[in-house]
Amino acid sequence: MDRRTFLETSTVVAGGALLERIGVTAGLPAADEADAQPPARAADSAMIGIQVGAVSFVDEGTASVLDALREMAAVNTIFLATFTYGRGIAGRQLPGQPLPDHGKQEYDTTTFRGGNFATPHPQYYRNTSIAPEKAPDHPGYDVLADVVPAAHKRDMKVIVWFEDVIAGDVPGFDKAREVTLSGAPSTFACSRNPNTRNFWLGLVEDYLRSYDVDGLMWGSERQGPLGNVLGTNHGGRGAGGRLACFCQYCVEAARKDGIDVGRAKEGYLRMSAWADAMRAGRKPADGAFVSFWRLLTKYPEILAWERLWNEGLNDTYRDMYAKAHSIAPAKGIGWHIWHNNSFSPFYRAEQDYADFAKYSDFLKVVMYNLCGGERLAQYVRGAQGTLFGDLTPDQVLELTYDMQQFRDVPLDQLAKTGLSPDYVLGETKRALAGAGPGLKIWPGIDIDIPTAATSKKTQPDDVYRAVKAAFDGGVHGVLLSRKYSEMRLDNIRAAGRAVRELRKA
(Lines give C-alpha, C1' and ligand atoms only; values in the text may rest on other atoms or scores of the structure.)
Protein backbone atom coordinates (compact mmCIF):
# COMPACT_ATOMS: atom_id res chain seq x y z
CA MET A 1 0.00 0.00 0.00
CA ASP A 2 1.50 3.39 -0.98
CA ARG A 3 1.59 6.28 1.48
CA ARG A 4 -1.25 8.22 -0.17
CA THR A 5 -3.61 5.22 -0.11
CA PHE A 6 -2.70 4.41 3.48
CA LEU A 7 -3.20 8.00 4.60
CA GLU A 8 -6.65 8.15 3.04
CA THR A 9 -7.56 4.87 4.69
CA SER A 10 -6.06 5.67 8.09
CA THR A 11 -7.74 9.07 8.24
CA VAL A 12 -11.11 7.39 7.99
CA VAL A 13 -10.08 4.87 10.62
CA ALA A 14 -8.90 7.55 12.98
CA GLY A 15 -12.31 9.03 13.13
CA GLY A 16 -19.39 -20.40 17.65
CA ALA A 17 -21.22 -18.98 20.67
CA LEU A 18 -20.50 -20.32 24.12
CA LEU A 19 -22.73 -23.33 24.78
CA GLU A 20 -25.36 -23.48 27.46
CA ARG A 21 -22.95 -24.94 30.00
CA ILE A 22 -21.66 -21.43 30.76
CA GLY A 23 -24.40 -19.01 29.75
CA VAL A 24 -27.70 -18.14 28.15
CA THR A 25 -28.61 -16.96 24.65
CA ALA A 26 -28.51 -13.21 24.03
CA GLY A 27 -31.29 -10.91 22.87
CA LEU A 28 -30.05 -7.64 21.39
CA PRO A 29 -31.47 -4.17 20.72
CA ALA A 30 -31.21 -3.02 17.12
CA ALA A 31 -28.40 -0.63 16.28
CA ASP A 32 -30.84 2.25 15.71
CA GLU A 33 -32.51 1.60 19.07
CA ALA A 34 -29.51 2.38 21.29
CA ASP A 35 -31.70 4.11 23.86
CA ALA A 36 -34.19 1.26 24.05
CA GLN A 37 -34.12 -0.91 27.14
CA PRO A 38 -32.86 -4.41 26.23
CA PRO A 39 -34.86 -7.29 27.63
CA ALA A 40 -33.92 -8.12 31.21
CA ARG A 41 -32.33 -11.54 31.58
CA ALA A 42 -33.26 -14.13 34.13
CA ALA A 43 -30.79 -13.88 37.01
CA ASP A 44 -31.46 -17.50 37.96
CA SER A 45 -29.91 -18.69 34.68
CA ALA A 46 -27.12 -16.10 34.55
CA MET A 47 -23.43 -16.60 35.15
CA ILE A 48 -22.51 -15.24 38.58
CA GLY A 49 -18.74 -15.31 38.77
CA ILE A 50 -15.93 -14.18 41.02
CA GLN A 51 -12.18 -14.02 40.48
CA VAL A 52 -10.19 -15.96 43.07
CA GLY A 53 -6.49 -16.69 43.44
CA ALA A 54 -4.78 -19.77 44.85
CA VAL A 55 -3.78 -18.03 48.09
CA SER A 56 -7.40 -17.80 49.23
CA PHE A 57 -7.92 -21.57 49.03
CA VAL A 58 -4.61 -22.20 50.79
CA ASP A 59 -5.36 -19.68 53.55
CA GLU A 60 -9.05 -20.39 54.13
CA GLY A 61 -9.67 -23.92 52.87
CA THR A 62 -11.20 -24.88 49.55
CA ALA A 63 -14.55 -26.11 50.87
CA SER A 64 -14.95 -23.07 53.10
CA VAL A 65 -14.27 -20.60 50.29
CA LEU A 66 -16.58 -22.28 47.78
CA ASP A 67 -19.42 -22.70 50.24
CA ALA A 68 -19.09 -19.12 51.47
CA LEU A 69 -19.10 -17.64 47.96
CA ARG A 70 -22.15 -19.64 46.97
CA GLU A 71 -23.97 -18.63 50.15
CA MET A 72 -22.94 -14.96 50.12
CA ALA A 73 -23.31 -14.07 46.46
CA ALA A 74 -25.01 -17.00 44.70
CA VAL A 75 -21.73 -17.59 42.85
CA ASN A 76 -21.94 -20.42 40.32
CA THR A 77 -18.64 -19.89 38.47
CA ILE A 78 -15.13 -19.53 39.86
CA PHE A 79 -12.65 -17.65 37.68
CA LEU A 80 -9.48 -19.21 38.99
CA ALA A 81 -6.28 -17.17 38.61
CA THR A 82 -3.89 -19.82 37.33
CA PHE A 83 -1.10 -17.94 35.56
CA THR A 84 0.34 -14.52 36.36
CA TYR A 85 3.40 -12.92 37.84
CA GLY A 86 1.34 -9.88 38.85
CA ARG A 87 -0.42 -9.03 42.08
CA GLY A 88 -3.57 -7.70 40.42
CA ILE A 89 -5.28 -11.11 40.29
CA ALA A 90 -3.10 -13.28 42.54
CA GLY A 91 -1.63 -13.06 46.01
CA ARG A 92 -3.08 -11.43 49.12
CA GLN A 93 -4.01 -7.80 49.58
CA LEU A 94 -1.57 -5.22 48.22
CA PRO A 95 0.80 -3.69 50.76
CA GLY A 96 -0.43 -0.36 52.08
CA GLN A 97 -4.09 -1.28 51.62
CA PRO A 98 -6.31 -2.38 54.53
CA LEU A 99 -6.54 -6.13 55.02
CA PRO A 100 -9.99 -7.63 54.35
CA ASP A 101 -12.07 -9.32 57.04
CA HIS A 102 -11.15 -12.87 56.00
CA GLY A 103 -8.05 -14.86 55.17
CA LYS A 104 -4.69 -14.49 56.85
CA GLN A 105 -4.27 -11.07 58.39
CA GLU A 106 -0.88 -10.45 56.84
CA TYR A 107 0.69 -9.39 53.56
CA ASP A 108 2.75 -11.61 51.27
CA THR A 109 5.09 -8.90 50.04
CA THR A 110 8.28 -10.91 50.48
CA THR A 111 6.91 -14.30 49.44
CA PHE A 112 4.84 -13.59 46.31
CA ARG A 113 6.40 -14.74 43.04
CA GLY A 114 3.68 -16.02 40.77
CA GLY A 115 3.87 -18.24 37.71
CA ASN A 116 1.62 -21.21 36.95
CA PHE A 117 -0.39 -22.06 40.05
CA ALA A 118 -1.37 -25.37 38.44
CA THR A 119 1.15 -28.00 37.27
CA PRO A 120 2.82 -27.31 33.91
CA HIS A 121 3.14 -30.40 31.70
CA PRO A 122 6.35 -30.04 29.64
CA GLN A 123 5.04 -31.68 26.45
CA TYR A 124 2.88 -28.62 25.73
CA TYR A 125 5.75 -26.12 25.82
CA ARG A 126 8.21 -27.68 23.38
CA ASN A 127 7.89 -24.85 20.85
CA THR A 128 8.58 -21.93 23.15
CA SER A 129 11.69 -20.62 24.86
CA ILE A 130 9.66 -19.36 27.86
CA ALA A 131 9.97 -21.72 30.80
CA PRO A 132 6.59 -22.91 32.14
CA GLU A 133 7.45 -22.25 35.78
CA LYS A 134 5.39 -23.75 38.55
CA ALA A 135 4.60 -20.93 40.98
CA PRO A 136 6.73 -21.51 44.09
CA ASP A 137 4.33 -19.59 46.35
CA HIS A 138 2.51 -22.69 47.61
CA PRO A 139 4.88 -25.67 47.37
CA GLY A 140 3.21 -28.91 46.33
CA TYR A 141 -0.14 -27.21 45.70
CA ASP A 142 -1.96 -27.44 42.35
CA VAL A 143 -4.91 -25.05 42.44
CA LEU A 144 -6.77 -26.65 39.52
CA ALA A 145 -6.36 -30.19 40.83
CA ASP A 146 -7.73 -29.01 44.16
CA VAL A 147 -10.53 -26.62 43.21
CA VAL A 148 -12.06 -28.12 40.06
CA PRO A 149 -13.44 -31.35 41.62
CA ALA A 150 -14.56 -29.52 44.75
CA ALA A 151 -16.39 -26.91 42.67
CA HIS A 152 -18.02 -29.49 40.39
CA LYS A 153 -19.23 -31.37 43.44
CA ARG A 154 -21.13 -28.20 44.33
CA ASP A 155 -22.44 -27.66 40.77
CA MET A 156 -20.08 -24.72 40.34
CA LYS A 157 -18.07 -24.22 37.17
CA VAL A 158 -14.39 -23.30 36.97
CA ILE A 159 -12.99 -21.05 34.27
CA VAL A 160 -9.23 -20.73 34.04
CA TRP A 161 -8.22 -17.06 34.31
CA PHE A 162 -4.73 -16.15 33.12
CA GLU A 163 -3.08 -12.95 31.97
CA ASP A 164 -0.32 -11.44 29.91
CA VAL A 165 2.03 -10.71 32.83
CA ILE A 166 5.41 -12.47 32.81
CA ALA A 167 8.32 -11.69 35.14
CA GLY A 168 11.45 -10.39 33.46
CA ASP A 169 13.70 -13.09 34.96
CA VAL A 170 11.72 -16.08 33.72
CA PRO A 171 14.16 -18.33 31.83
CA GLY A 172 13.81 -17.92 28.08
CA PHE A 173 11.72 -14.76 28.32
CA ASP A 174 14.62 -12.78 26.89
CA LYS A 175 13.91 -14.44 23.53
CA ALA A 176 10.27 -13.33 23.57
CA ARG A 177 10.53 -9.68 24.55
CA GLU A 178 9.43 -6.74 22.48
CA VAL A 179 12.22 -4.56 21.06
CA THR A 180 11.77 -0.84 21.58
CA LEU A 181 12.54 1.88 19.08
CA SER A 182 15.94 2.41 20.71
CA GLY A 183 16.80 -1.27 20.20
CA ALA A 184 16.57 -2.08 23.91
CA PRO A 185 14.38 -4.99 25.07
CA SER A 186 11.00 -4.15 26.53
CA THR A 187 9.64 -5.58 29.78
CA PHE A 188 6.71 -7.01 27.79
CA ALA A 189 6.39 -9.99 25.49
CA CYS A 190 5.92 -9.45 21.75
CA SER A 191 2.60 -10.94 20.62
CA ARG A 192 4.02 -11.72 17.18
CA ASN A 193 7.12 -13.51 18.50
CA PRO A 194 6.57 -17.29 18.07
CA ASN A 195 8.00 -17.95 21.54
CA THR A 196 5.26 -15.79 23.04
CA ARG A 197 2.46 -17.13 20.86
CA ASN A 198 3.44 -20.76 21.44
CA PHE A 199 3.63 -20.19 25.18
CA TRP A 200 0.02 -19.00 25.33
CA LEU A 201 -1.07 -21.85 23.06
CA GLY A 202 0.78 -24.25 25.32
CA LEU A 203 -1.13 -22.98 28.34
CA VAL A 204 -4.43 -23.33 26.48
CA GLU A 205 -3.68 -26.93 25.53
CA ASP A 206 -2.27 -27.83 28.94
CA TYR A 207 -5.28 -26.51 30.85
CA LEU A 208 -7.84 -28.12 28.54
CA ARG A 209 -6.15 -31.52 28.23
CA SER A 210 -4.85 -31.85 31.77
CA TYR A 211 -7.87 -30.67 33.77
CA ASP A 212 -11.66 -30.88 33.58
CA VAL A 213 -12.15 -27.10 33.46
CA ASP A 214 -15.23 -25.43 32.03
CA GLY A 215 -13.60 -22.69 29.97
CA LEU A 216 -10.74 -20.22 29.65
CA MET A 217 -10.37 -16.45 30.00
CA TRP A 218 -7.22 -14.54 29.06
CA GLY A 219 -6.42 -10.87 29.52
CA SER A 220 -3.85 -8.47 28.10
CA GLU A 221 -3.98 -4.96 29.56
CA ARG A 222 -1.75 -3.36 26.94
CA GLN A 223 -2.05 -0.88 24.09
CA GLY A 224 -0.05 -0.05 21.02
CA PRO A 225 2.87 2.37 20.71
CA LEU A 226 0.73 5.39 19.79
CA GLY A 227 -1.33 5.21 22.97
CA ASN A 228 1.81 4.70 25.00
CA VAL A 229 3.59 7.76 23.66
CA LEU A 230 0.47 9.90 24.08
CA GLY A 231 -0.19 8.68 27.61
CA THR A 232 -3.83 7.99 26.80
CA ASN A 233 -4.53 5.42 29.48
CA HIS A 234 -5.59 5.46 33.09
CA GLY A 235 -2.05 5.05 34.36
CA GLY A 236 -0.87 8.30 32.81
CA ARG A 237 2.01 7.79 30.41
CA GLY A 238 2.12 4.09 31.21
CA ALA A 239 4.82 1.58 30.33
CA GLY A 240 7.36 4.38 30.24
CA GLY A 241 5.89 5.60 26.95
CA ARG A 242 7.10 2.30 25.45
CA LEU A 243 7.65 2.52 21.68
CA ALA A 244 7.46 -1.08 20.54
CA CYS A 245 7.62 -3.44 18.92
CA PHE A 246 10.43 -3.28 16.35
CA CYS A 247 11.69 -6.83 16.72
CA GLN A 248 12.66 -8.97 13.73
CA TYR A 249 9.21 -10.55 13.53
CA CYS A 250 7.38 -7.20 13.54
CA VAL A 251 9.79 -5.68 11.05
CA GLU A 252 9.30 -8.67 8.74
CA ALA A 253 5.51 -8.39 9.03
CA ALA A 254 5.69 -4.67 8.29
CA ARG A 255 7.72 -5.21 5.15
CA LYS A 256 5.25 -7.83 3.94
CA ASP A 257 2.51 -5.23 4.42
CA GLY A 258 4.48 -2.65 2.44
CA ILE A 259 5.18 -0.41 5.43
CA ASP A 260 8.34 1.67 5.25
CA VAL A 261 10.12 0.65 8.46
CA GLY A 262 12.58 3.53 8.39
CA ARG A 263 9.82 6.12 8.09
CA ALA A 264 7.82 4.43 10.87
CA LYS A 265 10.82 4.73 13.18
CA GLU A 266 11.42 8.33 12.17
CA GLY A 267 7.76 9.17 12.71
CA TYR A 268 7.71 7.68 16.19
CA LEU A 269 10.93 9.47 17.10
CA ARG A 270 9.33 12.75 16.12
CA MET A 271 6.09 11.88 17.90
CA SER A 272 8.00 11.00 21.06
CA ALA A 273 9.94 14.28 20.94
CA TRP A 274 6.66 16.17 20.42
CA ALA A 275 5.06 14.43 23.41
CA ASP A 276 8.07 15.14 25.64
CA ALA A 277 7.95 18.82 24.65
CA MET A 278 4.24 18.99 25.41
CA ARG A 279 4.73 17.48 28.85
CA ALA A 280 7.48 19.99 29.53
CA GLY A 281 5.12 22.85 28.68
CA ARG A 282 6.67 23.66 25.29
CA LYS A 283 3.55 23.80 23.15
CA PRO A 284 4.10 24.35 19.41
CA ALA A 285 2.91 27.62 17.86
CA ASP A 286 0.07 25.82 16.07
CA GLY A 287 -1.07 24.11 19.26
CA ALA A 288 -1.21 20.52 20.43
CA PHE A 289 -3.78 18.88 18.22
CA VAL A 290 -2.80 20.58 14.96
CA SER A 291 0.86 19.67 15.43
CA PHE A 292 -0.13 16.11 16.36
CA TRP A 293 -2.26 15.73 13.25
CA ARG A 294 0.50 17.24 11.13
CA LEU A 295 2.81 14.43 12.26
CA LEU A 296 0.20 11.83 11.28
CA THR A 297 -0.21 13.31 7.80
CA LYS A 298 3.55 13.49 7.31
CA TYR A 299 4.11 10.03 8.72
CA PRO A 300 1.08 7.79 8.04
CA GLU A 301 3.44 4.97 8.99
CA ILE A 302 2.74 5.92 12.62
CA LEU A 303 -0.82 4.62 12.31
CA ALA A 304 0.35 1.75 10.14
CA TRP A 305 2.61 0.54 12.95
CA GLU A 306 -0.17 0.99 15.50
CA ARG A 307 -2.37 -1.24 13.33
CA LEU A 308 0.48 -3.73 12.99
CA TRP A 309 0.85 -3.96 16.77
CA ASN A 310 -2.87 -4.53 17.26
CA GLU A 311 -3.01 -7.20 14.58
CA GLY A 312 -0.30 -9.11 16.43
CA LEU A 313 -2.47 -9.16 19.55
CA ASN A 314 -5.63 -9.97 17.60
CA ASP A 315 -3.86 -12.88 15.91
CA THR A 316 -3.03 -14.19 19.38
CA TYR A 317 -6.73 -14.13 20.27
CA ARG A 318 -7.59 -15.92 17.03
CA ASP A 319 -4.97 -18.60 17.49
CA MET A 320 -5.93 -19.25 21.11
CA TYR A 321 -9.59 -19.48 20.14
CA ALA A 322 -8.83 -21.92 17.32
CA LYS A 323 -6.63 -24.06 19.57
CA ALA A 324 -9.22 -24.17 22.35
CA HIS A 325 -12.05 -25.09 20.01
CA SER A 326 -9.99 -27.78 18.30
CA ILE A 327 -9.50 -29.46 21.67
CA ALA A 328 -12.79 -28.79 23.46
CA PRO A 329 -15.39 -27.13 21.20
CA ALA A 330 -18.06 -27.32 23.89
CA LYS A 331 -15.99 -25.23 26.29
CA GLY A 332 -15.80 -21.49 25.87
CA ILE A 333 -12.86 -19.12 25.66
CA GLY A 334 -13.11 -15.37 26.05
CA TRP A 335 -11.22 -12.24 26.93
CA HIS A 336 -10.82 -9.64 29.66
CA ILE A 337 -11.31 -6.19 28.07
CA TRP A 338 -9.13 -3.59 29.78
CA HIS A 339 -10.73 -0.65 31.62
CA ASN A 340 -8.97 1.83 29.31
CA ASN A 341 -11.76 0.91 26.89
CA SER A 342 -14.06 3.23 28.87
CA PHE A 343 -11.73 6.22 28.81
CA SER A 344 -9.60 6.41 25.67
CA PRO A 345 -11.52 6.73 22.38
CA PHE A 346 -8.35 5.62 20.59
CA TYR A 347 -8.13 2.39 22.54
CA ARG A 348 -11.90 1.85 22.26
CA ALA A 349 -11.67 2.16 18.48
CA GLU A 350 -9.29 -0.80 18.51
CA GLN A 351 -11.69 -2.98 20.55
CA ASP A 352 -14.32 -3.83 17.95
CA TYR A 353 -16.84 -6.17 19.60
CA ALA A 354 -18.22 -7.24 16.22
CA ASP A 355 -14.74 -8.47 15.28
CA PHE A 356 -14.32 -10.14 18.67
CA ALA A 357 -17.51 -12.09 18.00
CA LYS A 358 -15.65 -14.01 15.27
CA TYR A 359 -13.13 -15.48 17.74
CA SER A 360 -14.71 -15.23 21.19
CA ASP A 361 -17.38 -17.01 23.17
CA PHE A 362 -17.67 -14.28 25.79
CA LEU A 363 -16.18 -10.96 26.83
CA LYS A 364 -15.59 -9.81 30.36
CA VAL A 365 -15.87 -6.07 29.78
CA VAL A 366 -14.34 -4.14 32.68
CA MET A 367 -16.95 -1.72 34.05
CA TYR A 368 -15.34 -0.96 37.40
CA ASN A 369 -17.37 2.10 38.38
CA LEU A 370 -16.06 2.51 41.92
CA CYS A 371 -12.35 2.80 41.10
CA GLY A 372 -13.39 4.15 37.71
CA GLY A 373 -13.58 7.74 38.90
CA GLU A 374 -9.95 7.73 39.98
CA ARG A 375 -8.92 6.01 36.75
CA LEU A 376 -10.86 8.38 34.51
CA ALA A 377 -9.22 11.35 36.26
CA GLN A 378 -5.80 9.78 35.63
CA TYR A 379 -6.61 9.32 31.95
CA VAL A 380 -7.80 12.93 31.61
CA ARG A 381 -4.61 14.35 33.09
CA GLY A 382 -2.43 12.10 30.96
CA ALA A 383 -4.24 12.98 27.72
CA GLN A 384 -4.30 16.68 28.57
CA GLY A 385 -0.54 16.61 28.90
CA THR A 386 -0.12 15.74 25.21
CA LEU A 387 -2.84 15.37 22.61
CA PHE A 388 -5.42 17.60 24.28
CA GLY A 389 -2.99 20.21 25.53
CA ASP A 390 -5.08 22.97 23.93
CA LEU A 391 -7.80 22.31 26.50
CA THR A 392 -8.04 22.51 30.28
CA PRO A 393 -8.36 19.24 32.22
CA ASP A 394 -12.05 20.02 32.83
CA GLN A 395 -12.61 20.52 29.13
CA VAL A 396 -10.82 17.25 28.37
CA LEU A 397 -13.22 15.47 30.73
CA GLU A 398 -16.23 17.03 29.00
CA LEU A 399 -14.83 16.00 25.62
CA THR A 400 -14.23 12.47 26.92
CA TYR A 401 -17.79 12.22 28.22
CA ASP A 402 -19.12 13.30 24.82
CA MET A 403 -16.91 10.93 22.81
CA GLN A 404 -17.32 7.95 25.15
CA GLN A 405 -21.08 8.50 25.45
CA PHE A 406 -21.52 8.59 29.19
CA ARG A 407 -21.60 11.45 31.66
CA ASP A 408 -20.83 11.71 35.35
CA VAL A 409 -19.50 14.14 37.97
CA PRO A 410 -16.96 16.96 37.41
CA LEU A 411 -13.23 16.27 37.52
CA ASP A 412 -12.68 17.51 41.06
CA GLN A 413 -15.22 14.96 42.35
CA LEU A 414 -14.38 11.94 40.21
CA ALA A 415 -11.84 10.15 42.39
CA LYS A 416 -13.81 10.74 45.57
CA THR A 417 -17.22 9.62 44.30
CA GLY A 418 -16.35 7.08 41.60
CA LEU A 419 -18.62 6.60 38.61
CA SER A 420 -22.33 6.00 39.08
CA PRO A 421 -24.30 2.82 38.32
CA ASP A 422 -25.62 4.64 35.24
CA TYR A 423 -22.14 4.21 33.76
CA VAL A 424 -22.46 0.43 34.22
CA LEU A 425 -25.90 0.47 32.63
CA GLY A 426 -24.75 2.51 29.64
CA GLU A 427 -21.58 0.48 29.03
CA THR A 428 -23.62 -2.72 29.28
CA LYS A 429 -26.05 -1.56 26.60
CA ARG A 430 -23.22 -0.41 24.36
CA ALA A 431 -21.37 -3.71 24.70
CA LEU A 432 -24.46 -5.76 23.89
CA ALA A 433 -25.29 -3.59 20.89
CA GLY A 434 -21.74 -3.86 19.55
CA ALA A 435 -21.29 -7.56 20.18
CA GLY A 436 -24.23 -8.87 18.23
CA PRO A 437 -26.17 -12.06 18.98
CA GLY A 438 -24.27 -15.06 20.26
CA LEU A 439 -21.44 -13.30 22.09
CA LYS A 440 -21.89 -13.31 25.85
CA ILE A 441 -21.18 -10.08 27.74
CA TRP A 442 -20.19 -10.38 31.39
CA PRO A 443 -19.53 -6.97 32.99
CA GLY A 444 -16.67 -6.87 35.46
CA ILE A 445 -18.02 -5.35 38.69
CA ASP A 446 -15.37 -4.01 41.06
CA ILE A 447 -15.30 -4.78 44.75
CA ASP A 448 -12.63 -3.16 46.94
CA ILE A 449 -10.10 -2.59 44.18
CA PRO A 450 -7.32 -0.57 45.82
CA THR A 451 -7.50 3.20 45.35
CA ALA A 452 -5.73 6.18 46.89
CA ALA A 453 -6.56 7.07 50.50
CA THR A 454 -8.75 10.00 49.45
CA SER A 455 -10.49 8.15 46.60
CA LYS A 456 -13.73 6.18 46.56
CA LYS A 457 -13.92 3.10 48.81
CA THR A 458 -16.43 0.32 48.16
CA GLN A 459 -19.63 0.20 50.21
CA PRO A 460 -22.28 -2.54 50.07
CA ASP A 461 -24.89 -0.33 48.43
CA ASP A 462 -22.38 0.51 45.67
CA VAL A 463 -22.01 -3.15 44.74
CA TYR A 464 -25.74 -3.79 45.00
CA ARG A 465 -26.56 -0.93 42.63
CA ALA A 466 -23.84 -1.84 40.12
CA VAL A 467 -25.01 -5.45 39.87
CA LYS A 468 -28.60 -4.31 39.45
CA ALA A 469 -27.56 -1.85 36.74
CA ALA A 470 -25.75 -4.56 34.80
CA PHE A 471 -28.79 -6.83 34.79
CA ASP A 472 -31.07 -3.89 33.95
CA GLY A 473 -28.90 -3.52 30.86
CA GLY A 474 -29.62 -7.10 29.81
CA VAL A 475 -26.36 -8.93 30.52
CA HIS A 476 -25.71 -12.67 30.53
CA GLY A 477 -23.97 -12.56 33.91
CA VAL A 478 -21.60 -10.56 36.08
CA LEU A 479 -18.04 -11.13 37.23
CA LEU A 480 -17.02 -9.83 40.66
CA SER A 481 -13.47 -8.49 40.41
CA ARG A 482 -10.45 -8.19 40.88
CA LYS A 483 -9.77 -10.86 43.47
CA TYR A 484 -11.52 -12.33 46.49
CA SER A 485 -8.44 -11.80 48.68
CA GLU A 486 -8.94 -8.02 48.65
CA MET A 487 -12.76 -7.98 49.03
CA ARG A 488 -14.74 -7.35 52.20
CA LEU A 489 -17.45 -9.89 52.95
CA ASP A 490 -20.28 -7.37 53.37
CA ASN A 491 -19.58 -6.08 49.86
CA ILE A 492 -19.70 -9.61 48.43
CA ARG A 493 -23.00 -10.21 50.23
CA ALA A 494 -24.41 -7.06 48.62
CA ALA A 495 -23.87 -8.63 45.18
CA GLY A 496 -25.76 -11.69 46.37
CA ARG A 497 -28.60 -9.54 47.66
CA ALA A 498 -29.00 -7.97 44.22
CA VAL A 499 -28.94 -11.35 42.45
CA ARG A 500 -31.51 -12.91 44.78
CA GLU A 501 -33.85 -9.95 44.47
CA LEU A 502 -33.63 -10.19 40.70
CA ARG A 503 -34.46 -13.88 40.86
CA LYS A 504 -37.61 -13.13 42.85
CA ALA A 505 -38.73 -10.36 40.51
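Presented here is an overview of the structure given in this document. Residue numbers run consecutively from 1 along every chain, following the written order of its sequence. pLDDT decides what is reported in this predicted model: residues at 70 or higher carry local features, side-chain atom pairs at 80 or more are listed and counted, and totals for whole chains, interfaces and linings draw on all residues regardless. As a convention, hydrogens and water are excluded, and side-chain values are obtained from all of the structure's heavy atoms.

### Things to note about empty space enclosed by the protein
Think of a 1 Å grid over just the protein atoms. A cavity is a set of points where a 1.4 Å probe fits yet cannot get out, a pocket is an open set with protein on both sides within 12 Å along at least five of seven lines, and lining residues have an atom within 4 Å of a point. Grid points are joined across faces, edges and corners, and a volume is the space filled by probe spheres set on the points. Here the largest cavity is characterised by a volume of approximately 70 Å³. Throughout, the ten residues Ala, Val, Leu, Ile, Met, Phe, Trp, Tyr, Cys and Pro are labelled nonpolar, Asp, Glu, Lys and Arg are labelled charged, and all others, Gly among them, are labelled polar. In terms of residue class, the lining of the largest cavity is built from three nonpolar, five polar and five charged.

### Thoughts on helix H8 (residues 261-279)
Each helix corresponds to a stretch of at least 4 residues labelled H or I by DSSP, and each strand to a stretch of at least 2 residues labelled E; elements are numbered beginning at the N terminus. Multiply 1.5 Å by the residue count of a helix minus one, and that product is the helix's expected span. Its 19 residues give H8 an end-to-end C-alpha distance of 27 Å, which sits within 8% of 27 Å, the value for a rise of 1.5 Å per residue. Burial status follows relative accessibility: with a 1.4 Å probe on protein chains alone, a residue under 20% of its type maximum counts as buried, one over 50% as exposed, and anything between as partly exposed. Among all positions in H8, only Val261, Ala264, Gly267, Tyr268, Met271, Ser272, Trp274, Ala275, Ala277 and Met278 are buried. What qualifies as a polar contact is a pair of N or O atoms within 3.5 Å, subject to a donor-acceptor requirement within protein and to the restriction that residues adjacent in sequence count only when both atoms come from side chains. With a side-chain oxygen positioned 3.1 Å from the backbone nitrogen of Gly262, the residue opening H8 is Asp260.

### Points about the layout of surface pockets
Estimated volume of the second largest pocket: approximately 820 Å³. Every residue lining the second largest pocket is counted, 36 residues in all, and those nearest its centre are Glu163, Val165, Glu221, His234 and Trp338. Taken together, the elements giving at least two residues each to the lining of the second largest pocket come down to strand S4 (157-163), strand S6 (185-189) and helix H13 (372-384). Looking at the lining of the second largest pocket residue by residue, the classes come out as 13 nonpolar, 13 polar and 10 charged.

### Brief notes about the nonpolar core
Nonpolar side chains in soluble globular proteins generally cluster together in the buried interior. The definition of a nonpolar core used throughout is a set of buried Ala, Val, Leu, Ile, Met, Phe, Trp, Tyr and Cys residues joined through side-chain atoms within 4.5 Å. Residues Leu144, Phe162, Trp305 and Trp335 are the most contacted members of the largest nonpolar core, which totals 147 residues. Looking at this core element by element, the count peaks at 12 residues for helix H10 (residues 301-327). Among the nonpolar cores identified, the runner-up in size contains 10 residues, and Ile89, Trp161, Met217 and Trp442 belong to it.

### Describing unusual backbone geometry
The residue after Ala244, namely Cys245, is reached through a cis peptide bond having omega 15 degrees. Mapping Cys245 onto the fold places it in the loop between helix H6 (225-230) and helix H7 (248-256). With an omega of 10 degrees, the peptide bond running from Ser481 to Arg482 counts as cis. With respect to the helices, strands and loops of the structure, Arg482 is situated in the loop between strand S11 (477-481) and helix H18 (489-504).

### Quick word on the pattern of salt bridges
Definition used for salt bridges: Asp or Glu carboxyl oxygen within 4 Å of a side-chain nitrogen of Lys or Arg. Tallying each qualifying case throughout the model produces 33 salt bridges. Measuring nitrogen to oxygen at the nearest pair gives 3.6 Å for the salt bridge that ties Arg92 to Glu106. With Arg92 in the loop between strand S2 (77-84) and strand S3 (115-116) and Glu106 in the loop between S2 and S3, the pair connects residues that are 14 residues apart, well separated along the chain. In this structure Arg92 comes out as buried when scored by relative accessible area, which is 12%. For Glu106, a relative accessible area of 41% corresponds to the partly exposed category. Between Asp319 and Arg197 there is a salt bridge, with its nearest N and O atoms 2.8 Å apart. Here Arg197 lies in helix H5 (residues 194-210) and Asp319 lies in helix H10, a separation of 122 residues in the sequence. Among the residues examined, Asp319 registers a relative accessible area of 32% and is labelled partly exposed. We classify Arg197 as buried; its relative accessible area is 13%. Three or more residues joined by partner-sharing salt bridges are found here, namely Asp164, Glu178, Arg222 and Arg242.

### Observations regarding the side chain of Ser191
With respect to the helices, strands and loops of the structure, Ser191 is situated in the loop between S6 and H5. The exposure class assigned to Ser191 is buried, which follows from its relative accessible area of 11%. Throughout, a contact is declared for two residues whenever any of their heavy atoms are within 4.5 Å. Setting aside chain neighbours within four positions, we find Ser191 in contact with Thr196, Arg197, Arg222, Gly312, Leu313 and Thr316.

### Describing the packing of aromatic side chains
What counts as a ring pair is set by centres within 6.5 Å for rings of Phe, Tyr and Trp (its six-membered ring), and what kind of pair is set by the plane angle: stacked under 30 degrees, edge-to-face over 60, tilted for all other angles. This structure, assessed with the given rule, holds 24 aromatic pairs. Taking the centre distance of 5.6 Å and the plane angle of 85 degrees together, the rings of Phe83 and Tyr85 count as edge-to-face. A single burial state applies to Phe83 and to Tyr85, both of which are buried. For the pair Phe199 and Trp200, a centre-to-centre distance of 5.4 Å together with 65 degrees between the ring planes defines the contact as edge-to-face. Each of the two residues, Phe199 as well as Trp200, counts as buried. Each residue in the set Phe83, Tyr85, Tyr125, Phe162, Phe199, Trp200, Tyr207, Trp218, Tyr317, Trp335, Phe356 and Tyr359 is aromatic and connected to the rest through ring pairs, giving one cluster. Here the basic side chain of Arg497 rests over the ring of Tyr464, its NZ or CZ set 4.1 Å away from the ring centre. A ring is scored as having a charge over it whenever the NZ atom of a lysine or the CZ atom of an arginine sits within 6 Å of its centre and within 35 degrees of its normal.

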